[in-house]
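# Working through the structure, step by step
The residues making up each chain are set out below.
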Amino acid sequence: MALRDHALHVHNTLSRSKERFEPLAEGQVGIYVCGPTVYSDTHLGHAKSYVSFDVIVRYLRHLGFKVRYVQNITDVGHLTDDADEGEDKLGKRARLDQMHPMELAETYTRLYLRDMDALKVERADIYPRASGHISEQINIIEELMERGNAYEVGGNVYFSVPSWEAYGKLSGRQSSEQEAGHRVEVRGDKKDPRDFALWKVAEGGHILRWKSPWGWGFPGWHVECSAMSVKYLGETFDIHGGGLENQFPHHECEIAQSNAVGDGFARYWLHNNMINVDGVKMGKSLGNFITIEDALRDHDPETIRAFLLMTHYRSPANYTTDGLTSARNGLDRLHGAVRALTEAAASAPTDPQPGDAALGAATAKADADFHAAMDDDFNTPIAIAALYEFVKPVNQLLAAGNASQGVLLAAQDVFMALGEGVLGIMGDPAAADGGMAADPFIDLLLVVRNELKQLKSFELADRIRADLDTNGVEVKDTKDGASWERRS
RNA sequence: GGCGCCGUAGCCAAGUGGUUAGGCAGUGGAUUGCAAAUCCGCCUACUCCGGUUCGAAUCCGGACGGCGCCUCCA
């Protein structure tokens with residue numbers, strides 16, 4: 001597929017500004033996004049992050065880039081607190097659930113993928129597991145030690161932050177430590193309080209452990225991403241994404257250790273903002289997180305996606321019932337236009353019609369506006385607005401009924417290629433409607449109802465409509481007869 | 001305490017130094033047997049105080065308010 005003309009700019013956290021996006025290799029993009037730690041249910045925070053990056057990757061592909069999308073699965077438990085002490089959270093959960101840690105990781109990995117599939121998040125190309133890349137991580141640690149950027153103390157290996165002067169470039173922060181306030185005690189064997197763990201000695205009943213040059217242990221929090229991103233995308237690659245909360249220290253540490261052993265690393269850093277629930281931060285420690293399974297019980301996937309995408313990925317979103325309802329109602333309007341286009345195209349003439357020019361112009365404008373919005377750091381709220389603005393002329397032209405089939409289909413294609421292909425919120429109108437066994441009978445009921453209306457038996461006609469509505473079938477009378485659709 | 005973000009009409013949410021973003025809700029009308037859908041209208045905001053400017057919601061300073069990260073988190 002040829003690369004489209006585009007003016008894609010992305011906000012790079014490294015420069016804190018929008019930059020023209022130029023991949024390393026013409027027409028190809030390598031992207032790494034920090035994935036989940038698989039020890040509990042997938043929640044709305046994951047949805048915000050991975051739907052955002054899903055749309056980013058979809059758009060890059062839409063532009064014609066050949067994308068390799070890598071997302072890690074963290075199945076090596078890291079520690080429950082800052083001082084690099086305490087229990088490994090995966091191990092803790094495994095103990096509570098009486099499962100082997102790997103069994104637990106596998107369970108939640110499957111649930112994660114299930115929930116992402118349900119949200120129409122396209123799968124990454126590679127989901128490397130941290131546990132499957134221990135030797136790569138050890139290699140990096142050994143190299144860091146050889147270069148004098150890391151040191152071992154009693155089986156623990158730490159990265160020496162003072163040995164890397166660029167530390168803090170990404171986040172604008174040096175350390176979380178020196179400041180006043182309630183900080184946890186720094187582990188005594190670090191040479192500098194800012195130093196972070198590369199390898200931890202496995203103590204006591206720590207089940208997940210590997211043999212290393214420093215004894216039995218497990219890798220530190222940050223090194224897996226350095227190891228796996230470079231392994232699959234190369235020493236220098238295009239995009240590294242993740243949640244804002246990972247900017248510091250996680251990504252800062254990744255940059256330090258990766259650049260200490262190689263050149264380049266990620267060229268563009270993209271960070272998505274967080275999600276609140278009813279105005280309050282959603283956090284695991286607060287216990288108020290909504291799982292994706294919960295959310296999908298109340299809302300369909302496209303509503304959730306539309307809701308998330310109506311806020312820019314770098315802005316915080318606030319999950320409220322009203323917000324979801326608003327998204328749902330708005331989406332209905334979009335879906336209605338696509339259905340109407342599909343129906344009109346089915347019977348439209350193929351030769352040129354008087355309305356072609358107007359609809360064609362509106363289609364071109366919608367297409368251009370959408371791309372301009374997405375080129376501007378993936379501005380999905382404006383991209384969606386472009387679709388909404390397209391609905392009005394579409395309905396006007398459809399009411400006039402004077403457009404040819406080709407032009408109608410081109411209009412429909414904007415909704416499908418952009419609204420569905422890029423944003424994933426338009427569904428497949430054919431799939432949504434077709435194939436239900438009850439369909440012929442519903443059609444029959446409407447034929448009968450129409451005859452009742454001719455006979456002015458409105459009471460009975462209304463009852464049929466009401467009963468169908470109760471069963472999820474919405475009837476609409478038009479001047480061309482009645483039509484119906486299933487409510488989503 | 002350190003770093004950073006934000007305050008936009010009833011709600012959500014983009015945004016540029018000077019042409020009403022958009023959506024939801026509400027509301028008037030057209031259409032309809034009544035609805036639904038659709039169309040035509042209405043609802044035209046930018047926390048406050050200074051400053052820069054011919055002109056600022058948009059730039060600068062300050063105040064107030066809210067939030068995030070600094071601890072596992074997406």
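Keep in mind that this is a model prediction, so the values were computed, not measured. (Residues numbered from 1 in each chain as written. Chains lettered and ligands numbered in written order. Predicted model: local features only at pLDDT ≥ 70, side-chain atom pairs only at ≥ 80, totals over all residues. Heavy atoms only, no water.)

To continue, consider helix α4 (residues 134-146). Each α-helix turn comprises 3.6 residues. Residues three or four places apart therefore point the same way. With 13 residues, α4 should cover 18 Å at 1.5 Å per step; its first-to-last C-alpha distance of 18 Å lies within 8% of that length. Residues of α4 that are buried: Ile134, Glu136, Gln137, Ile138, Ile140, Ile141 and Leu144. Once α4 ends, the next one or two residues include Gly148, with phi positive near 80 degrees. (Helix = DSSP H or I, 4+ residues; strand = E, 2+ residues; numbered from the N terminus. Expected span 1.5 Å × (residues − 1). Buried < 20%, exposed > 50% of the residue type's maximum accessible area, 1.4 Å probe, protein only.)

Right, let's talk about the sheet that holds strand β6 (residues 156-159) for a bit. Here 5 strands make up an open sheet; going across it, the order is β5-β6-β7-β9-β8 and the pairing antiparallel. Both outer strands of the open sheet, β5 (150-153) and β8 (210-212), are each paired with one neighbouring strand and no more. Taking the axes of each pair of neighbouring strands and ignoring which way they run, one obtains an average angle of 35 degrees across the sheet. In this sheet, strand β9 (residues 215-219) lies alongside strand β7 (residues 196-201) in antiparallel orientation, the contact comprising 3 bridges. Residue pairing in the sheet places Val201 in a bridge with Gly217 of β9. (Pairing = 2+ DSSP bridges. Axes fitted to C-alpha atoms, helices over the stretch in contact; angles between N-to-C directions.)

Turning our attention to helix α8 (residues 301-309). With respect to burial, α8 is a largely interior element, 8 of its 9 residues being buried. Residues Glu302, Thr303, Ile304, Arg305, Ala306, Phe307, Leu308 and Leu309 constitute the buried set of α8. For α8, the N-terminal cap is Asp300; the gap from its side-chain oxygen to the backbone nitrogen of Glu302 is 3.2 Å. (Polar contact = N/O pair within 3.5 Å; in protein donor to acceptor, adjacent residues only side chain to side chain.)

Let's shift gears to a nonpolar patch on the surface. On the surface, a cluster of nonpolar side chains totalling about 240 Å² of accessible area is made up of Leu444, Val447 and Val448. Relative to the elements of secondary structure, Val448 occurs in helix α14 (residues 439-454). (Patch = residues over 30% accessible without salt bridge, like charges linked within 9 Å, V, L, I, M, F, W, Y side chains within 5 Å. Areas by Shrake-Rupley, 256 points an atom, 1.4 Å probe, with all protein chains shown as cover. Salt bridge = Lys/Arg side-chain N within 4 Å of Asp/Glu carboxyl O.)

Inspection of the secondary structure puts Ser163 in the loop between β6 and β7. Relative accessible area serves as the criterion here: at 29%, Ser163 is assigned to the partly exposed category. Measuring from C-alpha to C-alpha, the distance between Ser163 and Pro128 comes to 30 Å, with 35 residues separating the pair along the chain. Setting aside its immediate chain neighbours within four residues, Ser163 contacts Gly148 and Asn149. Reaching out from Ser163, the side chain makes a polar contact with the side chain of Asn149 at a distance of 2.9 Å. (Contact = heavy atoms within 4.5 Å.)

Looking at where Lys231 falls in the secondary structure, it is placed in helix α5 (residues 223-233). Residue classification places Lys231 among the partly exposed positions, given a relative accessible area of 43%. Residues Lys231 and Pro128, 103 residues apart in the sequence, show an inter-C-alpha distance of 9.9 Å. In this structure Lys231 touches His133 and Glu136, once residues within four positions along its chain are discounted.

Look at the link from Phe248 to Pro249: it is a cis peptide, with omega at 0 degrees. Of note, Lys120 is a non-glycine position whose phi angle comes to about 65 degrees, a positive value. Mapped onto the secondary structure, Lys120 falls in the loop between α3 (101-118) and α4. Although it is not a glycine, Asp377 sits at a positive phi angle of roughly 55 degrees. Along the chain, the position of Asp377 falls in the loop between α10 (356-375) and α11 (380-400). Overall, the relative accessible area of 0% leaves Asp377 in the buried class.

Another aspect to go through is the domain arrangement of chain A. Accessible area lost on assembly of the parts is the figure often given for the size of an interface. Under the domain assignment used here, chain A contains domain 1 (9-298) and domain 2 (333-486). Contacts between the two partners involve 12 residues from domain 1, matched on the other side by 15 residues from domain 2. Summing both partners gives a buried area of about 1200 Å² for domain 1 against domain 2, and 57% of it is carried by carbon and sulfur. Where domain 1 touches domain 2, the interface holds 2 salt bridges. Between Lys18 and Asp376 there is a salt bridge, and its shortest N-O distance comes to 2.8 Å. Summed over the shared surface of domain 1 and domain 2, the number is 10 residue pairs in polar contact (both at pLDDT 80 or more). The greatest single-element share of the side of domain 1 that touches domain 2, amounting to 5 residues, is contributed by helix α1 (residues 44-62). Of the residues belonging to the side of domain 1 that touches domain 2, the class tally is 6 nonpolar, 3 polar and 3 charged. (Domains from an automatic or database assignment. Buried area = accessible area lost by both parts, 1.4 Å probe. Nonpolar A, V, L, I, M, F, W, Y, C, P; charged D, E, K, R; others polar.)

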